[in-house]
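Residues per chain, in single letters:
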Amino acid sequence: MLLEAHLPDRPARNIGVYLVDPATDRLWLRMRQDYQDIAEPDDVEVLEALEEDFRARAAEMGAEAFLLSLEDSLSNVLRAGERQRVEVDAFSRVLDRLFDRDVEKIKVQPFQTHIPLYSLRAAAGRLGEEMESSEEDWVRAPEGMRIDPSLFVAHVVGRSMEPRIPDGSLNLFRLNPVGSRQGKILLIQRFGVTDETARYTVKKYTSKKVYSGEDEWRHEQIRLEPLNPEFEAWDAEPTDFAVVAEWLRVLE
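Residues numbered from 1 in each chain as written. Predicted model: local features only at pLDDT ≥ 70, side-chain atom pairs only at ≥ 80, totals over all residues. Heavy atoms only, no water.

Draft legend 1. How the structure looks around the overall build of the protein chain. Each helix and strand in the protein chain was counted, giving six helices and 13 strands. Residue burial in the protein chain is summarised as follows: out of 252 residues, 40% are buried. In the protein chain, the share of contacts with a sequence separation of at least 24, taken over all contacts with a separation of at least 6, comes to 56%. When the accessible area of the protein chain is evaluated, it comes to approximately 14,700 Å², of which 46% is carbon and sulfur surface. (Helix = DSSP H or I, 4+ residues; strand = E, 2+ residues; numbered from the N terminus. Buried < 20%, exposed > 50% of the residue type's maximum accessible area, 1.4 Å probe, protein only. Contact = heavy atoms within 4.5 Å. Areas by Shrake-Rupley, 256 points an atom, 1.4 Å probe, with all protein chains shown as cover.)

Structure (C-alpha cells):
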C-alpha cells in the first residue's frame with residue numbers, strides 16, 4: 001500500500017510504501033527521508049516522525065491490524081492508497097523496487113545505484129561463452145558500498161550453509177575473487193554433474209598444500225565444506241570445479 005501526502009496548496013505526493021508479509025504478519029516499511037521540498041516546515045517535523053511511529057505501532061499491534069487502523073483513521077492530509085497484491089522473492093528487494101518506482105522515481109543506474117540479480121547458473125555463465133548470462137533484475141546496492149561490475153546478487157537455495165546462509169536468502173557475491181581462497185565461502189561450478197540443482201553450489205573452501213620443489217606448491221587436498229553438520233563435505237581435484245565468485249554477505 002502506498003502512503004500519500006495531500007498537503008494544502010501542494011500536489012499529492014507518495015511518501016512511503018507499506019508492505020506486509022501475510023505469512024508472518026511482518027511489516028516492511030520504507031518512507032521518504034527528506035520532506036523539505038514537498039511540505040512547509042511545521043509539516044516536515046510531523047512527516048519525519050511518521051516512520052518511527054508506524055514501526056512502533058505495527059510492532060505492538062501487528063502489521064495487518066495496524067494497516068486496518070490506518071485505513072480507518074487517516075486524515076485527508078495523510079491517506080492510504082489502494083491495497084495491491086505483489087509477488088515477492090525477497091521483501092527488501094521488492095520494497096526498494098516499489099519505493100524507487102512509486103515514491104522517489106529513481107532511475108536504475110547499473111553499477112552506480114544498482115547491481116544485477118542473477119541466477120547462480122547465469123552468474124557461472126560469465127566465466128565463458130557457452131551460455132548467455134543476462135541480469136534478471138537490478139537491486140539497489142547496499143548503503144555505503146563501493147560498487148563495481150564484479151558485484152551481483154543471487155538467491156541461495158538449500159540448507160547446507162545454514163544458519164549463516166538461510167535457505168532461499170538473497171546474497172551478495174563478487175565475481176572472480178583474487179588472493180587466497182582458504183576459509184572463504186565460494187560459489188562453485190562443478191564439472192561433470194548433470195543435476196542442474198547440484199552443479200552450482202555455495203561451499204566453504206579449505207585446502208592443504210605440499211612443497212613440490214623449485215619453489216612450487218601443489219594441492220594435496222581440496223575440500224568443499226557445508227556449514228550445516230547435517231550435510232557432508234567432499235574432496236575435489238582442481239579440475240573438478242571452477243570458482244565463480246566469493247560470497248560476501250546475506251542481504252535478506
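Draft legend 2. Fine view of helix H3 (residues 63–73). Within H3 the residues assigned to the buried category are Ala63, Phe66, Leu67, Ser69 and Leu70. Taken around the axis of H3, the buried residues stretch over an arc of 160°, which confines them to a single face. Its buried side turned inward, H3 meets strand S2 (13–21), strand S3 (26–31) and helix H2 (50–61). (Arc of directions from axis to C-beta.)

Draft legend 3. Main features of H2. Taking 1.5 Å of rise per residue, 12 residues should cover 16 Å, and H2 covers 16 Å from first to last C-alpha, within 8% of that figure. Residues of H2 that are buried: Leu50, Glu51, Phe54 and Ala58. Summarising the axial view, the buried residues of H2 lie within an arc of 90°, below the 170-degree limit, and thus occupy one face. More than 90 degrees from the buried face of H2, the exposed residues found are Glu52, Ala59 and Glu60. Here the buried face of H2 lies against strand S1 (2–5), S2, S3, helix H1 (41–48), H3 and strand S4 (78–80). The first or second residue beyond H2 is Gly62, which carries a positive phi of 100°. (Expected span 1.5 Å × (residues − 1).)

Draft legend 4. Broad picture of the pattern of salt bridges. Here the structure, examined in full by the defined rule, presents 16 salt bridges. Residue Glu51 pairs with Arg55 through a salt bridge whose shortest N-O separation is 2.9 Å. Of this pair, Glu51 and Arg55 are both found in helix H2, four residues apart, which corresponds to roughly one turn of the helix. The partner of Arg83 in a salt bridge is Glu64, with the nearest N and O atoms 3.1 Å apart. Pair noted here: Arg83 is in the loop between S4 and helix H4 (91–102) and Glu64 is in helix H3, with a separation of 19 residues, a long-range link. What makes Arg83 partly exposed here is its relative accessible area of 40%. Residue classification places Glu64 among the partly exposed positions, given a relative accessible area of 31%. (Salt bridge = Lys/Arg side-chain N within 4 Å of Asp/Glu carboxyl O.)

Draft legend 5. Region of the structure containing the packing of H2 against H3. Viewed as axis vectors pointing N to C, H2 and H3 meet at an angle of 120°, and their least axial separation amounts to 7 Å. The angle between H2 and H3 falls in the class oblique. As H2 packs across H3, the resulting crossing turns out to be right-handed. Along its contact with H2, which presents Phe54, Arg57, Ala58 and Met61, the element H3 presents Ala63, Ala65, Phe66, Ser69 and Leu70. Residues that form the contact of H2 with H3 fall into these classes: seven nonpolar, one polar and one charged. (Axes fitted to C-alpha atoms, helices over the stretch in contact; angles between N-to-C directions. Parallel < 35°, antiparallel > 145°, perpendicular 65-115°, else oblique. Left-handed = near helix turned anticlockwise from the far one by under 90°. Nonpolar A, V, L, I, M, F, W, Y, C, P; charged D, E, K, R; others polar.)

So far we have only geometry, and geometry alone does not tell us how the molecule works.
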